[in-house]
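# Observations on the model geometry
Chain by chain, the residues:
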Amino acid sequence: MISAFANSFKVPELRSRILFTLAMIVIVRIGTSITLPGVDPTVLNAWIENKAGDSASGAAQVAALLNIFSGGGLQNCAIFALGIMPYISASIMLQLLTAVWPPLSKLAREEGGRQKITQYTRVATIILCVFQATLLAQSLADPQQNYLMAGLQDAIDALGGRPLVPNYGFGFVCTSVITITAGTMLMMWLGEQITDRGIGNGVSILICVNIVSDLPGALIQVWQTFVGSVKASPASAFTLVLLMGFMILVIAGVIALTQATRRIAITYAKRVVGRKVYGGQTQYLPLKINYSGVMPIIFAQAILLFPSTILASLFKDVNWIQRMALFVSSGWVYYVASSLLIFFFSYFWVATMFQPTQISEDLKKSGGYVPGIRPGKPTADFLDFTMSRLTFAGAIFLTGLYVMPGLVSSSMKISSSAAQFFGGTSLLILVGVVLDVMRQVETHLLQSHYDGFLKKGRIRGRVDRIQQGGRAMDSTTIVWLWVGLAIIVLIGVVYKLALK
């Protein structure tokens, strides 16, 4: 494992890609710390130092999730306040429209159609940025109306009523909208540059870095809750150890289920072309258990929490709206409704993205068939039935992972930002991105005749699943991977403590 890291810098192309990716990450982290022009950083620092954030309500979870995805840029009112999320939202919208709207679906199959859809995505990103940046800039004038900045008004009162934006007006709103929109488009461009000239998927890397950047602060909050507080006891320290062990188990489970697949045997008929015989081999069609990935959780949060939370922040004097928002965003109603929505969107995503009829036709054209299943419609029905059962198991996994942060936050009395690392969207994205980067580095090492991270120098996620029955990543690799991540996080914790 250690030699693989050393070999990564011996390959010139891989070394340049890694260094370029690190340089882009540094630029993004600098952008999340530069405050918008016109915002008083003294008020922000006072708010961040006194922020408790112990609430486990839906609004607190939304605020913690958005702040994590922006890498702290939203909390710092930075030029990268919106992060890369408008581009992600626009991409999801266009992807769904491509699957359900015939004109876009036809355009995607034409030559050069994907480039046009990419342009539409960028235009939609600008529109979303302008809209969200306008609402964010307007909310800075009155922090009480912004549920993402709970507790900021208390910091303003503690400083003698010092406003967050001393000279609020049309000029500030216009400047902030232009700055935030330009920052998001710059992040989108940086992500594309990482994809072309760096390692891994650029947009995913930026999201992963923003998530990891909040981990040291979350660990410090947990440490102060169980060890550093006045009420700390030996039992509290033991609880902290159990909590860390539980977190490792959750991460290991996410890794296992992220890579889990159901392999469908595909046999190809023999063909004689001249003096050569083609076909007659058995390959496997991998069907992922968690085919929809993190999309059902994102859709469930958008449907369940965002409308009610935004309405509650806009209509503070309307009692029935406040009661409805509290009823939807907390308690057993919140968990039941979110579970049902996750199941619905899991099947919805599979129904729109997984096309068993097209797969069956492609297999029939290439001379492939599933043993015991007739080609054509019976094969499509078999794939659809198998995928439906896999989706049910994946939906159960996603539901448990989604409710985990709320349960941990309410039972252990820790902040929502810290509880996000025990499940939910952030952990799924973090695990998926790290595994994808490891596979790409592994590919470069094998091409240069170096041993990779895994045993026998093979990418078990891609090769051994086909050749050796789908064995997952060995335990030694997982241990060393998370030991390295723990060292990086420990350095961040020491750095933050040194600043204090």
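Rules behind the numbers
- Residues numbered from 1 in each chain as written.
- Predicted model: local features only at pLDDT ≥ 70, side-chain atom pairs only at ≥ 80, totals over all residues.
- Heavy atoms only, no water.
- Pairing = 2+ DSSP bridges.
- Helix = DSSP H or I, 4+ residues; strand = E, 2+ residues; numbered from the N terminus.
- Contact = heavy atoms within 4.5 Å.
- Axes fitted to C-alpha atoms, helices over the stretch in contact; angles between N-to-C directions.
- Phe/Tyr/Trp six-rings, centres within 6.5 Å; stacked < 30°, edge-to-face > 60°.
- Buried < 20%, exposed > 50% of the residue type's maximum accessible area, 1.4 Å probe, protein only.
- Lys NZ or Arg CZ within 6 Å of the ring centre and 35° of its normal.
- Arc of directions from axis to C-beta.

### Comments concerning the sheet that holds strand 5 (residues 368–369)
Spatially, three strands are ordered 4-1-5 in an open sheet, and the strand pairing comes out antiparallel. Each of the sheet's edge strands pairs with one partner strand only, and the pair in question is strand 4 (282–288) and strand 5. The pairing of strand 1 (residues 261–268) with strand 5 spans two bridges and is antiparallel. Bridging from a neighbouring strand, Tyr268 pairs with Gly368 of strand 5. Contacts from helix 18 (residues 377–412) reach strand 1 and strand 4, with the element oriented near 45 degrees to strand 4.

### What to know about the packing of aromatic side chains
The final tally for this structure, using the stated rule, is six aromatic pairs. Note on Tyr168 and Phe172: the rings are 5.9 Å apart at their centroids and 55 degrees apart in plane angle, and the pair reads as tilted. Under the relative-accessibility criterion, Phe172 is labelled buried at 7%. Each member of the aromatic cluster is reached from another via a ring pair, and the members are Phe344, Phe345 and Phe348. Between the NZ or CZ atom of Arg263 and the centre of the ring of Tyr284, over which it lies, the distance is 3.8 Å.

### Digging into helix 6 (residues 102–109)
Of all the positions in helix 6, only Leu104, Leu107 and Ala108 are classed as buried. Down the axis of helix 6, the smallest arc covering the buried residues is 100 degrees, so these residues share one side. Structural note: helix 6 exposes Pro102, Lys106 and Arg109 on the side pointing more than 90 degrees away from its buried face. Close packing links the buried residues of helix 6 with helix 5 (85–100) and helix 7 (113–139).

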